[in-house]
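# Inside the fold
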Amino acid sequence: MGDLILDPYMEDAIMDHPCLAELLADQTSLPMFHPFSGGGTPQMVDTDTFLRAIGALPPLAPPPAAPLAPAPPPDSPRTPHTYGSFLPIYGDLPPLSVAVVQETLPLPEGGDHPVPPKKTIDVAPLLPEHADQPVVTNNSATTRPQLCAPYDDDIEATLRAMETNPAERPSPYFLETAQGGRMTALVRASMIAFMDEFSRFHELADGTLQRAAYFLDRYLSVTPESDDVLQLRLVGATAVFLAAKYEDQYTLRKIDASMVAARCGYTSETRHKMVSCMETEILAALDYNLSGPTAYTFVQHFTRYYGDGKEEKLLKEAAHRFTDGSLLTYGFHRYLPSVVAASAIFLARLHVLGHEPWSRDLAELTGYEAIDLMGCVCDMYSQIACPRFALFQEYFFQDP
């Protein structure tokens, strides 16, 4: 600390005080408590600060003020006249004279807290005009209503492309070629009947039988199979197991591999491994392509606009019964699944309504005229044991 220069008269007054005289003589700092420390931690205060604090020395001159920031140019985005005087400039608060004062909210009846009014937001309608009117897309001339307008035509095109893909279709004559005559149409029909019983017993998901038969025909198209009854049951039950897991993710809560093997007649403790090995074999034969559409898929697709009415439910149920019945007959796999589904709807309308089996809307929805379905409809009708309706040729030639 440098030497202090005092006024002569002030020096005499200070030196008369014993404590100050001792302080100036030692040139040391006095220990004092900080005024806000609560008396806890001593802090050192130098002599110059102490003397100025008691008024013995004149106070120091204030430091020079910092220069003000230059005003923004007229075209600056922060210029006040650009946005109005209510915007803060360089982080300052807005002037109090233009502060927004919230109006007092009224108290509701029987309440003690004000409730702010609800704000309403105008939302544009998702669809133009009326939502219940048919939607016409740019890439389709159809005027029928669409459940999912942006994707409806894409889904339709994808299903039609997948059903015509040769890699995902069974061989037209797999019993004569791949099986070499070792399996007959009657043996295949007995396998389908066993698969139907198996899926019904365990109450598996809808569409499981159709997909299981689709897996079975594709598997038999590339894999020669023996005539052993247990082996054929294992193939059929495993196909159902795979199809059920494809259709419903909660299938394993109903059945497992051990139950599948036991249903086939196997009783060993390692029977579940036989099902796992057969699953691997079937998946390899299918080249892991499991998503091909079936007749069940197209019945659901063609009836997706049906409501919950009793008549519409009966039509859909009858169509599914006709498609399931066609699985027992070897040869229906040569028809496209969409043709089988449309033919089943044709017969279902005759079964339930008794008239008008086809219409312009159905032709537009399915892509088939009645004449296009004539062969499949006649084959399917011939499989019905006791039909409750008659099938006339004029149904296929009259204008819908």
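The shown structure was predicted, so the numbers you read here are calculated from the model rather than taken from an experiment.

Quick notes on the rules
Residues numbered from 1 in each chain as written. Predicted model: local features only at pLDDT ≥ 70, side-chain atom pairs only at ≥ 80, totals over all residues. Heavy atoms only, no water. 1 Å grid on protein atoms, 1.4 Å probe; cavity = no way out; pocket = protein on both sides within 12 Å on 5 of 7 lines; lining within 4 Å. Points joined across faces, edges and corners; volume = space filled by probe spheres on them. Helix = DSSP H or I, 4+ residues; strand = E, 2+ residues; numbered from the N terminus. Nonpolar A, V, L, I, M, F, W, Y, C, P; charged D, E, K, R; others polar. Domains from an automatic or database assignment. Contact = heavy atoms within 4.5 Å. Buried < 20%, exposed > 50% of the residue type's maximum accessible area, 1.4 Å probe, protein only. Arc of directions from axis to C-beta. pLDDT = per-residue confidence, 0-100. Axes fitted to C-alpha atoms, helices over the stretch in contact; angles between N-to-C directions. Left-handed = near helix turned anticlockwise from the far one by under 90°.

## Describing empty space enclosed by the protein
For the coordinates displayed, the defined rule picks out one cavity of 30 Å³ or more. Each pocket or cavity is described by its volume, and for the largest cavity that value is around 240 Å³. Contributing to the lining of the largest cavity are 19 residues, with Gln210, Asp217, Leu327, Phe332 and His333 lying nearest its centre. It is helix α7 (residues 208-222) that contributes the most residues to the lining of the largest cavity, four residues altogether. Within the lining of the largest cavity, the residues separate by chemical class into ten nonpolar, six polar and three charged. Of the residues that make up the lining of the largest cavity, three or more belong to each of domain 1 (169-286) and domain 2 (295-396).

## Some thoughts on the layout of surface pockets
Within this model, the largest pocket holds a volume of roughly 830 Å³. As for the largest pocket, its lining consists of 32 residues, of which Arg200, Glu317, His320, Arg321 and Asp324 are closest to the centre. Sorting the residues of the lining of the largest pocket by element identifies α6 (185-201), α7, α11 (295-302) and α12 (310-326) as the ones contributing at least two each. Sort the elements by how many residues they give to the lining of the largest pocket and α12 lands first, with ten residues.

## Notes on the environment of Val275
You can see Val275 is positioned in helix α10 (residues 271-285). Separated by 37 residues in the primary sequence, Val275 and Thr238 place their C-alpha atoms 6.4 Å from one another. Dropping the residues within four chain positions of it, Val275 is found in contact with Leu234, Thr238, Phe241, Ala257, Val260 and Ala261.

## Considering helix α15 (residues 374-382)
In an α-helix, one turn spans 3.6 residues, which is why side chains three or four residues apart end up on the same side. Buried within α15 are the following residues: Cys376, Val377, Met380 and Tyr381. Seen end-on, α15 carries its buried residues on one side only, within an arc spanning 130°. Contact partners of the buried residues in α15: α12 and α13 (337-352).

## Here's the deal with the confidence of the model for the protein
When the pLDDT values of the protein are averaged, the result is 76; 62% of them are 70 or greater. Here residues 28-42 is modelled with pLDDT under 50, and outside its nearest four sequence neighbours on either side it reaches 19 contacts, counting other chains as well. The model gives residues 74-102 a pLDDT under 50, and that stretch makes 19 contacts with residues more than four places away or in other chains.

## Remarks on the packing of helix α8 (residues 229-247) against helix α9 (residues 257-264)
At a closest axis distance of 9 Å, the pairing of α8 and α9 adopts a crossing angle of 145°. Crossing of α8 over α9 shows right-handed handedness. Contacts between α8 and α9 involve Leu230, Arg233, Leu234, Ala237, Thr238 and Phe241 from the first element and Ala257, Val260 and Cys264 from the second. Its residues placed into classes, the contact of α8 with α9 shows seven nonpolar, one polar and one charged.

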